[in-house]
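# Structural overview for review
Below are the chains, spelled out letter by letter.
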Amino acid sequence: MVCMTTATPGTAPRILAAARRQPVDRAPVWMMRQAGRYLPEYRAVREKADFLTMCRTPALAAEVTVQPVDILGVDAAILFSDILVPLEAMGFEVAFLDKGPRIANPVRALADLDRVRVADAATELPFVRKAVEEVCDRLAGRVPVIGFAGAPFTLACYAIDGGGSKDWSRTRRFLAEHPAAFAQLLDRMADTVASSLADQVRGGARMVQVFDSWGGILDEATWRAVALPPIRKIVRALKQVGVPVTLYVGMSPHLVEAMVDSGADMLSLDWRCDLPSILERHGDRVALQGNIDPCLLYAAPERIRQRVRALAEAVAGRPGHVWNLGHGLLPDMPVAHVRAFVEATRDPMGNGDQA
Ligand code: CP3
């Protein structure tokens, strides 16, 4: 099933135009983790099912994916799922506990690699594509759907460390001790991710985002040598599918040049990056998404509006900017402040010409 979306009949949806650095009536907005626990409507659904059940049940995943579009009026829906979902199909036992994700059978020795296989999304993750299809049905063309996956290095962090970590020292140790095996692991991740993203596009996703949330723990030379090649492989595969690719890397100010070399259409910047100067230097090659510090949303709405206005002034209407945060929304953020952010981006100068 193909789902068509237009902001105004006959024109491309503004987020697709912005990702391709084409002019738009206003810079589009969406937020990482926009489908989440800060919304009472999300918590109501979540009460009925645990997190992985929600990911595996297209009707539930679709319901919470569409919530921020209905409630906040954002310009894109990001599929409700998780970067760790494809790991299950690769042979990992994944659980989400109160303190975060856990992998019961992490890769710790060379022999553990034998049980890590490439997953074919169409046959092994059919519920992901079904969820995208259902989201498209519910949206009926209002805004495009963004598909996503984890970047191979970040997936390897969870696959090796076995859960969240402050310094990912087990992952860095495995890379130091077994560089060839590490590259093999990332290559299998890349093939799985490419398969998953392509299947999400077949389900109706109009653009995709790759999350290298922990890429920034590596120095630039190591990120280029280890994390970048599998990302490039994914970008090449998705270019053939014909959708724009966005790359997010967390803690990434030292990686921006390398991120540009990924071939991604758009870079999603964390809040430590200076977005206007990166737009100045690289705006002819990539669009930029971001990059307000999510914790700014704890501030009073007036402060949020000031910060949005300051970034809008610095961007000065250049094409290729998508409003977003530098990382995800947190569960205890006030919905009124999230709404203030979204509304500020629609009319940053306060001219009253909201589109
Ligand atoms: O709204 C959206 O952005 C779409 C859904 C989405 C989720 N996870 C839902 C989720 C997306 C795009 C992700 C990506 C993801 N998951 C990343 C990359 C982006 C980033 O945040 O850096 C990472 C590293 C993960 C792994 C993950 N999933 C962690 C560390 C946690 C625990 C922390 C937390 O927020 O609870 C999760 C759980 C998770 N993923 C939740 C949601 C809504 C909370 C689950 C719940 O309701 O209990």
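The structure under discussion appears in the preceding block.
The rules behind these values
- Residues numbered from 1 in each chain as written.
- Predicted model: local features only at pLDDT ≥ 70, side-chain atom pairs only at ≥ 80, totals over all residues.
- Heavy atoms only, no water.
- Axes fitted to C-alpha atoms, helices over the stretch in contact; angles between N-to-C directions.
- Helix = DSSP H or I, 4+ residues; strand = E, 2+ residues; numbered from the N terminus.
- Contact = heavy atoms within 4.5 Å.
- Nonpolar A, V, L, I, M, F, W, Y, C, P; charged D, E, K, R; others polar.
- Parallel < 35°, antiparallel > 145°, perpendicular 65-115°, else oblique.
- Left-handed = near helix turned anticlockwise from the far one by under 90°.
- Buried < 20%, exposed > 50% of the residue type's maximum accessible area, 1.4 Å probe, protein only.
- Near = heavy atom within 4 Å.
- Polar contact = N/O pair within 3.5 Å; in protein donor to acceptor, adjacent residues only side chain to side chain.
- Areas by Shrake-Rupley, 256 points an atom, 1.4 Å probe, with all protein chains shown as cover.
- Salt bridge = Lys/Arg side-chain N within 4 Å of Asp/Glu carboxyl O.
- Pairing = 2+ DSSP bridges.
- Core = buried A, V, L, I, M, F, W, Y, C linked by side-chain atoms within 4.5 Å.
- Right-handed = clockwise from strand over helix to strand, strands pointing away.
- Patch = residues over 30% accessible without salt bridge, like charges linked within 9 Å, V, L, I, M, F, W, Y side chains within 5 Å.
- Lys, Arg positive; Asp, Glu negative; His and termini not counted.
- Charge placed at Lys NZ, Arg CZ, Asp CG, Glu CD.

Okay, the packing of helix 9 (residues 169-177) against helix 10 (residues 179-203) next. Between helix 9 and helix 10, the shortest axis-to-axis distance is 5 Å and the interhelical angle comes to 115 degrees. Touching Thr171, Phe174, Leu175, Ala176 and Glu177 of helix 9 are Pro179, Ala181 and Phe182, all from helix 10. Residues of the contact of helix 9 with helix 10, tallied by class, amount to six nonpolar, one polar and one charged.

It is at 8 Å that the axes of helix 4 (residues 58-72) and helix 7 (residues 126-139) come closest, and there the two elements cross at 45 degrees. Comparing their axes, helix 7 and helix 4 come out oblique. Helix-helix and strand crossings are classified by hand; for helix 4 and helix 7 the assignment is right-handed. Contact residues: Pro58, Ala59, Ala61, Ala62, Glu63, Thr65, Val66 and Val69 in helix 4; Phe127, Lys130, Ala131, Glu134, Val135, Arg138 and Leu139 in helix 7.

This part covers the environment of glutamate 313. Relative to the elements of secondary structure, glutamate 313 occurs in helix 14 (residues 301-315). Exposure remark for glutamate 313: the relative accessible area of 44% places this residue in the partly exposed category. Along the sequence, glutamate 313 and alanine 287 sit 26 residues apart, while their C-alpha atoms lie 17 Å from each other.

Around the ligand lies a shell of 21 residues, among which Arg33, Arg37, Tyr42, Ser213 and His327 are the nearest. Interatomic distance of 2.6 Å between a side-chain N/O atom of arginine 37 and an oxygen atom of the ligand. Within the side chain of tyrosine 42, one N or O atom sits 2.6 Å away from an oxygen atom of the ligand. Burial of the ligand by the protein amounts to 87% of the accessible area it has alone, namely 860 Å². Looking at the shell around the ligand residue by residue, the classes come out as 13 nonpolar, four polar and four charged.

This next bit is on the pattern of salt bridges. Any two side chains of opposite charge can pair, on the condition that their charged atoms come close. Applying the stated criterion across every chain, the model contains 22 salt bridges. Note that arginine 117 is salt-bridged to glutamate 124, the shortest N-O span being 2.9 Å. Overall, glutamate 124 belongs to the partly exposed group, its relative accessible area being 29%. A salt bridge links arginine 224 to glutamate 220, with the nearest nitrogen and oxygen atoms 2.9 Å apart. On the criterion of helical spacing, the pair formed by arginine 224 and glutamate 220 is a turn pair, its members being four residues apart in helix 11 (residues 220-241). For arginine 224, a relative accessible area of 30% corresponds to the partly exposed category. Looking at glutamate 220, the relative accessible area reads 30%, which means it is partly exposed. Salt bridges sharing common partners tie together Arg14, Asp25, Arg26 and Asp75.

Another point: the sheet that holds strand 9 (residues 321-325). Across the sheet, seven strands lie side by side as 1-4-5-6-7-8-9; this open sheet has parallel pairing. In this open sheet, the two strands that pair with only one neighbour each are strand 1 (77-78) and strand 9. Across five bridges, the pairing between strand 5 (residues 207-212) and strand 6 (residues 245-249) is parallel. Considered in strand 6, the bridge of valine 210 is made with leucine 247.

Core analysis: the biggest nonpolar cluster contains 132 residues, and Trp223 and Phe341 have the highest contact counts within it. It is helix 10 that provides the largest number of residues to this core, a total of nine residues. Those residues in contact with tryptophan 223, other than ones at most four positions away along the chain, are Asp212, Gly215, Leu218, Leu228, Ile231, Leu247, Val249, Leu255, Ala258 and Met259.

What follows concerns the pairing of strand 9. With respect to burial, strand 9 is a largely interior element, five of its five residues being buried. Taking every second residue as pointing to the same face, both faces of strand 9 are buried, with His321, Trp323 and Leu325 on one and Val322 and Asn324 on the other. For the crossover that starts at strand 8 (residues 287-292), traverses helix 14 and ends in the parallel strand 9, the hand is right-handed.

A separate point is the environment of isoleucine 217. For isoleucine 217, the position within the fold is in the loop between strand 5 and helix 11. The exposure class assigned to isoleucine 217 is partly exposed, which follows from its relative accessible area of 24%. C-alpha of isoleucine 217 to C-alpha of valine 116: the two residues are 101 residues apart in sequence and 24 Å apart in space. Setting aside anything within four residues of it in sequence, one finds isoleucine 217 in contact with Phe153, Asp167, Trp168, Arg172 and Met251.

Here we come to a positive patch on the surface. Among the surface-exposed residues, Lys99, Arg102, Arg108 and Arg170 lie close enough to one another that they form a single positively charged patch. Looking at where arginine 102 falls in the secondary structure, it is placed in strand 3 (residues 100-103).

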